[in-house]
Amino acid sequence: MNISILKHVHLTTIPSASAVEVVNGNIYIVGDDCCFLYALKYDLTVLAKVPLYTAPESDLTGNRILKKKKADLECITKLNINGYPHLLILGSGSKSPRRDVAFLVKLPTPYNRKHLVWEISLVKWYSFLRMNEEVTGSSGVLNFEAAASTDEYLYLFNRENNAILRFDLPEFIEFIQGHTEGVPFPTIITAELPEIGGIRSGFSGADYFDEKLFFTAAAENTSNAIDDGEIMGSAVGLLSFAGEEKTRGKLAAGFTGEISAFTVIAAIQDRLLKIESISVYEKENDNTYIAVAVSDDDLGGSDILMLQLDL
């Protein structure tokens, strides 16, 4: 894969961008220490600033929520529910119960031009996942960094051990809407990502487009998957699956994530970015895609990139 940076914009109006999703030409962004969902046009003009939850003034420093108080929203993916477009936004689950949360957002339609938001506590579900060592690895740490969905499946990515959790999407939608008390069990898939700058890389973003699963990975020189460290670089790649066995709730023997087209993103103005998420905007031709990627500058601002991906 060849990556060209078509546009780079640094925004101080959107704090700590952590996840991005393109829906019908609009770009939706959430930040890990922010309580708003932002909708932007292609030129990055803000169309809407949608409140997801309310943070007390005591939890705020400027427009950012204190690290110990934030919901740590790291995952976003589009869903189709009863024929209407929705966004599913998930907390990382790295600290309970504050980060064991989801938001379901019904997007505007010709009949209702408002964003409708439901906050959903998922403490029991996150706790259930933490009890499975195949999900968390030996550390027992849950740290979801990315989500992607197809018509059949929802994929969640745990940065701690690069495990990929695949859920049956119709079953998960029933669960997230509270229509069933059953807890959805994932099929757990293992993946080995290349190092970047001599440091282990971990999943940071994902998007399904044109029957391809695009992902971003980032490497930080830190002792764990939660605390920040020196940024060693980020990459974009493709993920496919091999050797599937229909096993849920544990590792499926021989079912692995296969990494291809893993390409490191060049430094911008001598600065390596930690790319947090990616979403494909459009397909230009058989081998060329235009994608939006976001980065958190760790200072309360966000970097937005328009990338050309030539496969």
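You'll find the structure just up there.
This is a predicted model, so every value here is computed, not measured.

1. Considering the pattern of salt bridges
- By the definition in use, this model includes 12 salt bridges.
- Between Lys70 and Asp32 there is a salt bridge whose closest N-O contact spans 3.6 Å. Of this pair, Lys70 sits in the loop between β7 (64-65) and β8 (73-81) while Asp32 sits in the loop between β3 (26-31) and β4 (36-40), and the two are 38 residues apart along the sequence.
- Since its relative accessible area comes to 10%, Lys70 is described here as buried.
- The buried category is assigned to Asp32, whose relative accessible area is 6%.
- Connected via shared salt-bridge partners are Asp32, Lys70, Asp72 and Arg99.

2. Quick look at the side chain of Thr136
- Its location among the elements puts Thr136 in helix α2 (residues 133-136).
- Residue Thr136 is classed as buried on the basis of its relative accessible area of 1%.
- Leaving out residues up to four positions away in the same chain, Thr136 has contacts with Leu129, Arg130, Val141, Leu142, Asn158, Glu160 and Asn161.

3. Quick look at the side chain of Arg159
- Among the secondary structure elements, Arg159 is positioned in the loop between β13 (153-158) and β14 (163-168).
- Buried charge without a salt bridge: Arg159, with Glu220 as the nearest opposite-charge side chain at an N-O distance of 4.1 Å.
- A polar side-chain atom of Arg159 sits 3.4 Å from the main-chain carbonyl oxygen of Phe203.

4. Quick look at the layout of surface pockets
- Counted as a void, the second largest pocket has a volume near 410 Å³.
- The wall of the second largest pocket is formed by 18 residues, among which Ser149, Thr150, Asp151, Glu152 and Tyr208 lie closest to the centre.
- Of all elements in the fold, only β8, β13, α3 (169-176), β17 (212-221) and β18 (230-242) reach the threshold of two or more residues within the lining of the second largest pocket.
- Partitioned by chemical class, the residues of the lining of the second largest pocket number nine nonpolar, four polar and five charged.

5. Some points on empty space enclosed by the protein
- This structure, assessed with the given rule, holds one cavity of 30 Å³ or more.
- Considering only enclosed or pocket space, the largest cavity measures out at about 40 Å³ in volume.
- Surrounding the largest cavity, Gly233, Ser234, Ile265, Ala266, Leu272, Leu273 and Ile275 form its lining.
- Here the lining of the largest cavity is built from residues that sort into five nonpolar, two polar and no charged.

6. Looking at the packing of aromatic side chains
- Here the structure, examined in full by the defined rule, presents 20 aromatic pairs.
- With centroids separated by 6.1 Å and ring planes inclined at 90°, the aromatic side chains of Phe209 and Tyr289 adopt a geometry described as edge-to-face. With Phe209 in strand β16 (residues 202-209) and Tyr289 in strand β21 (residues 288-296), the pair connects residues that are 80 residues apart, well separated along the chain.
- Overall, the relative accessible area of 23% leaves Phe209 in the partly exposed class.
- Taken together, the ring pairs connect Trp125, Tyr126, Phe144, Phe167, Phe172 and Phe175 into an aromatic cluster.
- Taking the ring centre of Phe36 as reference, the NZ or CZ of Lys49 above it sits at 4.4 Å.
- The positively charged end of Arg166 is found above the aromatic ring belonging to Tyr153, 4.0 Å away from the centroid.

7. Section: the pairing of strand β10 (residues 101-106)
- Taking burial as the measure, the six residues of β10 include five buried ones, the bulk of the element.
- Pairing of strand β9 (residues 84-91) with β10, which is carried by five bridges, proceeds in the antiparallel orientation. Looking at β10, one finds that His86 is bridged to Lys106.
- Pairing of β10 with strand β11 (residues 116-121), which is carried by six bridges, proceeds in the antiparallel orientation. What sits directly across from Val105, in β11, is Val117.

What counts as what
- By convention here, each chain's residues receive numbers from 1 onward along its written sequence.
- Totals for whole chains, interfaces and linings use every residue, but because this is a predicted model, local features are given only for residues with pLDDT of at least 70 and side-chain atom pairs only at 80 or more, for both listing and counting.
- With hydrogens and water set aside, each side-chain value is computed from the structure's full complement of heavy atoms.
- The working definition used for a salt bridge is a side-chain nitrogen of Lys or Arg within 4 Å of a carboxyl oxygen of Asp or Glu.
- Under the scheme used here, helices are H or I runs from DSSP no shorter than 4 residues and strands are E runs no shorter than 2 residues, and both carry numbers assigned from the N terminus.
- Burial classes: relative accessible area under 20% of the type maximum marks a residue as buried, over 50% as exposed, and values in between as partly exposed (1.4 Å probe, protein chains only).
- It only takes one pair of heavy atoms within 4.5 Å for two residues to be counted as in contact.
- Counted as positive: Lys and Arg. Counted as negative: Asp and Glu. His and the chain ends are not counted at all.
- Any pair of N or O atoms that falls within 3.5 Å is considered a polar contact. Within protein, one atom must be able to donate a hydrogen and the other to accept it, and sequence-neighbouring residues count only if both atoms are side-chain atoms.
- Points on a 1 Å grid over protein atoms alone make up a cavity when a 1.4 Å probe fits among them but cannot get out, and a pocket when they form an open set with protein on both sides within 12 Å along at least five of seven lines; lining residues each have an atom within 4 Å of a point.
- Grid points are joined across faces, edges and corners, and a volume is the space filled by probe spheres set on the points.
- In this classification, Asp, Glu, Lys and Arg are treated as charged, Ala, Val, Leu, Ile, Met, Phe, Trp, Tyr, Cys and Pro as nonpolar, and every other residue, Gly included, as polar.
- Two rings from Phe, Tyr or Trp (for Trp, the six-membered ring) form a pair when their centres sit within 6.5 Å of each other. Planes less than 30 degrees apart are called stacked, planes more than 60 degrees apart edge-to-face, and all others tilted.
- Criterion for a charge above a ring: Lys NZ or Arg CZ within 6 Å of the ring centre, and within 35 degrees of the ring normal.
- Paired strands, in this sense, are two strands between which DSSP finds at least two bridges.

So yeah, pure geometry; function would need other evidence.
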